[in-house]
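Inside the fold
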There are 6 protein chains.
Amino acid sequence: MARPDLRRNDEMRRVKITTGYTMHAEGSVLIEVGNTRVLCNATVEDKVPPFLAGSGLGWVTAEYAMLPRATNTRSPRDISKLKLNGRSAEIQRLIGRSLRAVLDREVLGERQVIVDCDVIQADGGTRCASITGGYVALWLACRTLVERGIIHRVPLTGQVAAVSVGISDGEPILDLCYEEDSHAQADCNIVMTGTGDFVELQCTGEERPFTKEELTRLLALGRKGTAKLCREQRKAVGDAWNL
Amino acid sequence: MARPDLRRNDEMRRVKITTGYTMHAEGSVLIEVGNTRVLCNATVEDKVPPFLAGSGLGWVTAEYAMLPRATNTRSPRDISKLKLNGRSAEIQRLIGRSLRAVLDREVLGERQVIVDCDVIQADGGTRCASITGGYVALWLACRTLVERGIIHRVPLTGQVAAVSVGISDGEPILDLCYEEDSHAQADCNIVMTGTGDFVELQCTGEERPFTKEELTRLLALGRKGTAKLCREQRKAVGDAWNL
Amino acid sequence: MARPDLRRNDEMRRVKITTGYTMHAEGSVLIEVGNTRVLCNATVEDKVPPFLAGSGLGWVTAEYAMLPRATNTRSPRDISKLKLNGRSAEIQRLIGRSLRAVLDREVLGERQVIVDCDVIQADGGTRCASITGGYVALWLACRTLVERGIIHRVPLTGQVAAVSVGISDGEPILDLCYEEDSHAQADCNIVMTGTGDFVELQCTGEERPFTKEELTRLLALGRKGTAKLCREQRKAVGDAWNL
Amino acid sequence: MARPDLRRNDEMRRVKITTGYTMHAEGSVLIEVGNTRVLCNATVEDKVPPFLAGSGLGWVTAEYAMLPRATNTRSPRDISKLKLNGRSAEIQRLIGRSLRAVLDREVLGERQVIVDCDVIQADGGTRCASITGGYVALWLACRTLVERGIIHRVPLTGQVAAVSVGISDGEPILDLCYEEDSHAQADCNIVMTGTGDFVELQCTGEERPFTKEELTRLLALGRKGTAKLCREQRKAVGDAWNL
Amino acid sequence: MARPDLRRNDEMRRVKITTGYTMHAEGSVLIEVGNTRVLCNATVEDKVPPFLAGSGLGWVTAEYAMLPRATNTRSPRDISKLKLNGRSAEIQRLIGRSLRAVLDREVLGERQVIVDCDVIQADGGTRCASITGGYVALWLACRTLVERGIIHRVPLTGQVAAVSVGISDGEPILDLCYEEDSHAQADCNIVMTGTGDFVELQCTGEERPFTKEELTRLLALGRKGTAKLCREQRKAVGDAWNL
Amino acid sequence: MARPDLRRNDEMRRVKITTGYTMHAEGSVLIEVGNTRVLCNATVEDKVPPFLAGSGLGWVTAEYAMLPRATNTRSPRDISKLKLNGRSAEIQRLIGRSLRAVLDREVLGERQVIVDCDVIQADGGTRCASITGGYVALWLACRTLVERGIIHRVPLTGQVAAVSVGISDGEPILDLCYEEDSHAQADCNIVMTGTGDFVELQCTGEERPFTKEELTRLLALGRKGTAKLCREQRKAVGDAWNL
């Protein structure tokens, strides 16, 4: 059965990563994956969470939110309910863990980078776009620190990118748009390094459990997608790229 | 004394109003005034606030927020403090009042338009940009209702636009950027109709009171700025414009 | 058309300012303007907001609230909704800005005065009464500091008072009661110094925009009203008055 | 040892109950007990709590709060902490239970009276003053309902008043002011009917437990105090009094 | 009329106090009184509330909560409403006061014990069970401090236990289960020391006031119940018991 | 290297599932996995979330919380911070999704089961224990509905159980205790059906990414563990078991 935008099952949507999207953040990126658009701004702060005070080690954390009309139906702002949306809470923990997986906390030193991922427009895959774009924003913020002579090198041990894969009409497909996502039988978010190892893996059977064989096929698709995303990340940074 | 960007005292920054900026909202606008960028999305809902239930009358309300890194220093999200920022509360009430001033509540009928103004990047004048861009988003959402046959005409009795004016080094200036705003002796936000009448006027002496003569000069500047903004609004809508 | 209490259009309601109304506050005032009654208590604290720590400069801030049954219909307490009322947020920011306009922050030194304005009974003009009465409470608290030898003079550079004016049935009127306020075509809150300059000006067209000519007539009424209120402030303080 | 204001151990402070203190509430009372001043406003609402919907029975509830500067040191407002003060929570539950003890819920019918007790100035005994004054506000609100022909008689089966008693320097004393309260060895709040029965009794050993004999002496003082307060309640209402 | 479980009017339900119920807390107790089961965990912290900082004195505080399905109908968690339940607020203040009544704050030194009382299953009398069990948890936590050489003796001046008594069908009864509690004409929570003095007394007329004679009979029952509970407390601690 | 409790790498801790642990819930289970103890109570409610109203379909949701002293250091209650713990938010969403994976929503009909998972004592694996025990509580609640004639069969299409696996010192191990968990290089929570298919898979590289080969070995361990847990679930239910 054809995909809504006629892509092949192993084909990603168009990816566009714009650096320097806003002017205030130490690292600022707009990532577009098809119609999904996420603004990722990385801020460097000189204080760390209490459990790291005095340790000399750094930290990376993330916050994730959707603008009220990023989706087809308007979602009230969190503040109007006085509650952080449960889905946002789950996603921002995932983004933070993923980025910290390649962080050299000693090289960063006792400072914190906060990566704000704000979804301007949603069409599936916003958490994966946040990780992929957030990585570039983090890299840029780190390079700013290097350029300012505050740290001696970018404190990242590798690349991290994420893509969603799923099973639709029994077939594994790569990079689901919203329409596909809402009808998938299984849905995985795969976070991988530039060298093809796993950083985080979250797979959910939506209508039914999934088998080991299906998982194997999904992981292969995920590897293909994240490899492409890592290339896009390096391209976005351009000649400045190094790790 | 020269302005930071060498503008004349009665010169506005470059204004750009992009319609259809996001795909889900009934009316979507990105307004840029110099480096200030505000995303204005208008959402139509079929329910009204309790005090209007059963009245047959419509309502327009607004919400305003800054993305955490819209400014030079990161601001924590409201939800992290569980409190709506006092400044945001004040501003969104101003936006709502300003837009309602030209609303024909009977023609809109018993439905509500929520205008979300989210500041992507701030460099002074965000509340005025929100009113000016929010007006276009509201107009577009109304036209969507007309096109869908839900109402018979755009329920707006005129145009509304806003600009900031202030006194800097003793001289009245138009459309203050952040640097100017933070050193101004007086600061006014002037909301006017397309016919040059006042919708709302908020003037504050920052370091010292201001005189009646100064007020008179500020109001003249405001009229000039809002007239230009009204032209930009009509230009953004293009041939579809009518009221 | 006659006003509900048969006042002339440029006539204020009876004003009564009672000093020393409660016994604990450094400055305590009950202000009555017609049936509107606001308790203004000024508290001196030895700490300042974070952005002033170590600066040697002082600060004045205000909080505003209505008792639940100050109005015709009972309003739930903010705490029952876990949200500061948006109108209160807007008003308390206005009160704070107005009082700071005449504050000599160096003479006050690194301490803060909090002016609590609690509306006991509301009949229109509560924000203006809060500014006018709050000014006297602030003055009294400052004098208490002088009497205790903590500062050498009252750190205020002038007087501040506020009055509402509006357009009713096409005519400008002074000091609107609730009934007038709820039917006015325009509504201004005018905050002026004892010397007749503007501290803050907030004018809103309620049902329709207002013209420059109407504004001019409203400002003249405002000047008359605030001049009378400044006389009442000095009378309330009595022989101790000096600045 | 002499009491701060030289009262006898079994002597109450001056009590003053002013009815009709504010103009909007169905029942409004200012009660003063020495320097303690509490504004009690009773509001009638046509809806009852969910557990009574459709029962035909009425309800009385209470809310209690201190104005920020009712006390010697300013207390932040509940809303600034987003938490109802624990002490206020405890007290307003006590007030509500005490007033409901004499409520004829059938005669009141399916409506609710909310008694707001706001402490203008505190000098000990504010919860007891709230009960005593709140009772009069409730009575007045009920009479308003009778006068409007909504119910046929005041739905109260008797009077309720409250007084604090305590042990100071080993001696039982009546109606403690703040200074006495803060040094008492035991502290009781005694809520009684006009016929001398107990509605609620809350006794706390502050520095040490208290004995059965001490309790007996405290209860006798409480009976004396509440009897006087019941006389004051009737006097405040005047000729209209009936039950 | 017979009690639901056929007890005599002056007979308590079966009491079981299990020490060391969980492994992490400094003092951990499960108390069962009939079907009521409360887990009481005492935690020692090295910091005290601000008002005691630097005083060298210690503090004991308590928190009380019901698990959502401790009762017949599920109660939403406090966090889902963002409000501490008013009944919980009242109860945890009572538990804290009761335990502090026998605390030697100097011997404890500048540290705080927090006694968490979580109701696993409720069948009446949960606040009294919390006090009785919380006392044992507190004692155990203090002994842990002694064993670790941090303080030289258990800083408690006596025992504290609590029981509910009430009037049912006109007869005073001891230790009410939920069914009895919900139909009682009066309901008292009596907190007493091991030597039979009062720590706290809270008596409420539920449907009608109660008389002095009824109170006297209730207090006698309370003394009997708390004496038994004190024996159970000592038995639970076993040979280690000393004060 | 030996495990703290000398288990083999593929050996689970002792599992004990006690049914009917509390008396009020429709399904009540205490699950113990080593020192980890979680109380799982399933409540049936006759209303469903708004998005299912009128659909005839049922829903299962979960809430997860730790008692304050379930852990080595006391955690403040969520209500004291007015925020649902981010980790709890993430976990309760996982529990809900896992249980819904085997729910036949039509057979359940338009009612909701809420599964409350409260951690009494934590020693690693609390989310997996919550899923495994929560499943039994859900099954019991469903059977209660069958016994009451409300639905005709248990609306579950299979079993669900969960176990944690991880890499410690380079070796995959099954069912990590807290000490192991805090030093693992990778950590997976594997939720499987009784037939060995995947319901949800969450794998995180803690200090480093993990490889595909490591994942394969971890999944095999997970299958072994969940198979054992499914046997324990059936044993706990006993002869009543059927699906």
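Residues numbered from 1 in each chain as written. Chains lettered and ligands numbered in written order. Predicted model: local features only at pLDDT ≥ 70, side-chain atom pairs only at ≥ 80, totals over all residues. Heavy atoms only, no water.

Here the focus is the sheet that holds strand β4 (residues 59-66) of chain C. Residue and element names in this part refer to chain C. With respect to topology, five strands assemble into an open sheet ordered β1-β2-β3-β5-β4, the strand pairing being mixed. Each edge of the sheet is formed by a strand with only one pairing partner; in this case those strands are β1 (15-19) and β4. Pairwise comparison of adjacent strand axes, ignoring direction, gives a mean angle of 20 degrees for this sheet. Sheet contacts for helix α2 (residues 86-100): β4 and β5 (112-121); angle to β4, the most-contacted strand, approximately 145 degrees. On the sheet, helix α4 (residues 126-147) packs against β1, β2 (27-33), β3 (36-45), β4 and β5 and is oriented at approximately 35 degrees with respect to β3. (Pairing = 2+ DSSP bridges. Helix = DSSP H or I, 4+ residues; strand = E, 2+ residues; numbered from the N terminus. Axes fitted to C-alpha atoms, helices over the stretch in contact; angles between N-to-C directions. Contact = heavy atoms within 4.5 Å.)

Before going further, it helps to spend a moment on the interface of chain A and chain B. In this complex, chain A contributes 36 residues to the contact, which on the side of chain B involves 36 residues. When the two sides are added together, the surface that chain A and chain B hide from each other amounts to roughly 2,900 Å², 52% of it contributed by carbon and sulfur. Counting the surface chain A buries against chain B, the share from its top three residues, His24, Arg69 and Arg74 of chain A, is 25%. A salt bridge links glutamate 63 of chain B to arginine 74 of chain A; the shortest N-O distance between them is 3.2 Å. For the pair chain A and chain B, the number of links is 25 residue pairs in polar contact (both at pLDDT 80 or more). Only β3 (36-45), β4 (59-66), α1 (78-81) and β5 (112-121) of chain A provide two or more residues apiece to the side of chain A that touches chain B. The class makeup of the residues in the side of chain A that touches chain B is 16 nonpolar, eight polar and twelve charged. (Buried area = accessible area lost by both parts, 1.4 Å probe. Salt bridge = Lys/Arg side-chain N within 4 Å of Asp/Glu carboxyl O. Polar contact = N/O pair within 3.5 Å; in protein donor to acceptor, adjacent residues only side chain to side chain. Nonpolar A, V, L, I, M, F, W, Y, C, P; charged D, E, K, R; others polar.)

We now examine the relation of the copies chain A and chain B. Superposition record for chain A on chain B: RMSD 0.0 Å, screw rotation 180 degrees, translation along axis 0.0 Å. Those values place the two copies in the arrangement expected of a two-fold rotation axis. Most of the interface of chain A is mirrored in chain B, where 100% of its interface residues again form contacts. (Least-squares fit on C-alpha atoms with pLDDT ≥ 70 in both.)

A separate point is the sheet that holds strand β8 (residues 186-193) of chain F. The eight strands lie next to each other as β7(A)-β6(A)-β8(A)-β9(A)-β9(F)-β8(F)-β6(F)-β7(F), forming an open sheet whose pairing is antiparallel. Taken across any chain shown, the strands that pair with only one partner, and hence form the sheet edges, are β7 (171-174) of chain A together with β7 (171-174) of chain F. Direction aside, the axes of adjacent strands within the sheet are offset by 15 degrees on average. Of the strand pairs in this sheet, strand β6 (residues 160-168) of chain A and strand β8 (residues 186-193) of chain A are connected by eight bridges, and their pairing is antiparallel. Looking across to β8 of chain A, one finds that alanine 162 of chain A is bridged to valine 191 of chain A. Each of β6 (160-168), β8 and β9 (198-205) of chain F touches helix α4 (residues 126-147) of chain F; the most contacted strand, β6 of chain F, lies at about 165 degrees to it.

The two units chain A and chain D remain apart, with a minimum C-alpha distance of 10 Å. Looking at chain C next to chain F, you find no contact at all, with the nearest C-alpha pair sitting 10 Å apart.

Moving on: the relation of the copies chain C and chain B. Of the transformation placing chain C onto chain B, the axial shift is 0.0 Å and the rotation is 180 degrees, giving an RMSD of 0.0 Å. Both copies present the same face, since 100% of the interface residues in chain C are matched by interface residues at the equivalent positions in chain B.

This brings us to the side chain of serine 164 of chain D. Residues and elements named next belong to chain D. Looking at the secondary structure, you find serine 164 in strand β6 (residues 160-168). A polar contact of 3.3 Å, which involves the side chain of serine 164, links it to the backbone nitrogen of leucine 176. Ignoring sequence-local partners within four residues, the contact set of serine 164 consists of Cys128, Leu174, Asp175, Leu176, Cys188 and Asn189.

We now examine the interface of chain C and chain B. In this assembly, 22 residues from chain C lie in contact with 22 residues from chain B. Between chain C and chain B lies a buried interface of about 2,300 Å² when both sides are counted; carbon and sulfur atoms form 56% of it. When residues of chain C are sorted by the area they lose upon contact with chain B, Glu90, Arg93 and Phe198 of chain C head the list and together hold 24% of the total. Our count for the contact surface shared by chain C and chain B stands at four salt bridges. The shortest N-O distance in the salt bridge between arginine 97 of chain C and glutamate 90 of chain B comes to 3.4 Å.

A few words now on the packing of aromatic side chains. Tallied over the full model, the rule gives 18 aromatic pairs over all chains. Relative to tryptophan 59 of chain C, the ring of phenylalanine 51 of chain C has its centre 5.1 Å away and its plane inclined at 90 degrees; by these criteria the two rings are edge-to-face. One residue, arginine 37 of chain B, lies across the ring of tyrosine 21 of chain A, its end atom 5.0 Å from the ring centre. (Phe/Tyr/Trp six-rings, centres within 6.5 Å; stacked < 30°, edge-to-face > 60°. Lys NZ or Arg CZ within 6 Å of the ring centre and 35° of its normal.)

We now examine the pairing of β3 of chain C. Residues and elements named next belong to chain C. Within β3, ten of the ten residues are buried, leaving the element largely enclosed by the surrounding structure. Burial along β3 is two-sided: the face carrying Thr36, Val38, Cys40, Ala42 and Val44 and the face carrying Arg37, Leu39, Asn41, Thr43 and Glu45 are both buried. Connecting β2 to the antiparallel partner β3 that follows it, the hairpin turn spans two residues, and glycine 34 within it adopts a positive phi of roughly 60 degrees. Relative to β5, β3 is paired through nine bridges, and the arrangement is antiparallel. Counted as the bridge partner of leucine 39 is aspartate 118 from β5. (Buried < 20%, exposed > 50% of the residue type's maximum accessible area, 1.4 Å probe, protein only.)

Before going further, it helps to examine unusual backbone geometry. A positive phi angle, near 50 degrees, is found at aspartate 169 of chain B, a position not held by glycine. Judged by its relative accessible area of 52%, aspartate 169 of chain B is exposed. Unlike most non-glycine residues, leucine 6 of chain E shows phi in positive territory, near 65 degrees. Assignment of secondary structure puts leucine 6 of chain E in the segment before β1 (15-19).

For the rest of this paragraph, the subject is the packing of helix α2 (residues 86-100) of chain A against helix α4 (residues 126-147) of chain A. Residues and elements named next belong to chain A. The N-to-C vectors of α2 and α4 enclose an angle of 40 degrees; their axes lie 10 Å apart at closest approach. What the angle tells us is that α2 and α4 run oblique. In this structure, the crossing between α2 and α4 has a hand that is right-handed. Contact residues: Arg87, Glu90, Ile91, Leu94, Ile95, Ser98 and Leu99 in α2; Thr126, Arg127, Ser130, Ile131, Gly134, Tyr135 and Leu138 in α4. (Parallel < 35°, antiparallel > 145°, perpendicular 65-115°, else oblique. Left-handed = near helix turned anticlockwise from the far one by under 90°.)

Bringing the packing of α4 of chain C against helix α6 (residues 212-237) of chain C into the picture now. Residue and element names in this part refer to chain C. The geometry of α4 relative to α6 is characterised by a closest axis approach of 10 Å and an angle of 35 degrees between their N-to-C directions. Every pair of crossing elements has a handedness; the one defined by α4 and α6 is right-handed. Contacts from Thr132, Tyr135, Val136 and Trp139 of α4 reach α6 at Leu229, Gln233 and Val237. Taken together, the residues of the contact of α4 with α6 break down into five nonpolar, two polar and no charged.

Bringing α6 of chain C into the picture now. Across its 26 residues, α6 of chain C extends 37 Å between first and last C-alpha, which sits within 8% of the 38 Å expected from 1.5 Å per residue. One or two positions beyond α6 of chain C, positive phi appears at glycine 238 of chain C, with a value near 80 degrees. (Expected span 1.5 Å × (residues − 1).)

The subject of this paragraph is the environment of tryptophan 241 of chain F. Residue and element names in this part refer to chain F. Take tryptophan 241: it is sitting in the segment after α6 (212-237). Taking the relative accessible area as the measure of exposure, tryptophan 241 reaches 23% and is therefore partly exposed. Residues contacting tryptophan 241, with those up to four places away along its chain left out, are Tyr135, Trp139, Gln159 and Arg234.

This part takes up the pairing of strand β3 (residues 36-45) of chain B. Residue and element names in this part refer to chain B. For β3, a buried count of nine out of ten residues is recorded, marking the element as mostly surrounded by other parts of the structure. The pairing of strand β2 (residues 27-33) with β3 spans seven bridges and is classified as antiparallel. Looking at the pairing, serine 28 lines up with asparagine 41 of β3.

So, on to the environment of valine 48 of chain C. All names here are of chain C. Relative to the elements of secondary structure, valine 48 occurs in the loop between β3 and β4. Expressed as a C-alpha distance, the spacing of valine 48 and valine 60, which sit twelve residues apart in the sequence, is 9.1 Å. Apart from the residues lying within four places of it in its own chain, the contact partners of valine 48 are Ala53, Leu57, Gly58, Glu110, Arg111 and Gln112.

Here we take up the confidence of the model for chain A. Chain-level statistics for chain A give a pLDDT mean of 96 and a share of 100% at 70 or above. Quick note on the complex model: pTM equals 0.96, ipTM equals 0.96. (pLDDT = per-residue confidence, 0-100.)

Below, the discussion takes up the pattern of salt bridges. A side chain of one charge can pair with a side chain of the opposite charge when the charged atoms of the two come close. All names here are of chain A. Scanning the model with the defined rule gives 159 salt bridges over all chains in all. Between arginine 153 and aspartate 104 there is a salt bridge, and its shortest N-O distance comes to 3.4 Å. Here the residue arginine 153 occupies a position in the loop between α4 and β6, and aspartate 104 occupies one in the loop between α2 and α3 (105-108), the gap between them amounting to 49 residues. By sharing partners, the salt bridges in this structure join Arg3, Asp5, Arg7, Arg13, Asp123, Asp175 and Glu180 into a single network.

Residue and element names in this part refer to chain C. As for its placement among the helices and strands, threonine 126 is situated in helix α4. Judged by relative accessible area, which is 5%, threonine 126 ranks as buried. Note: C-alpha distance between threonine 126 and methionine 12 (114 residues apart in sequence) is 14 Å. At 2.6 Å, the side chain of threonine 126 forms a polar contact with the side chain of tyrosine 64.

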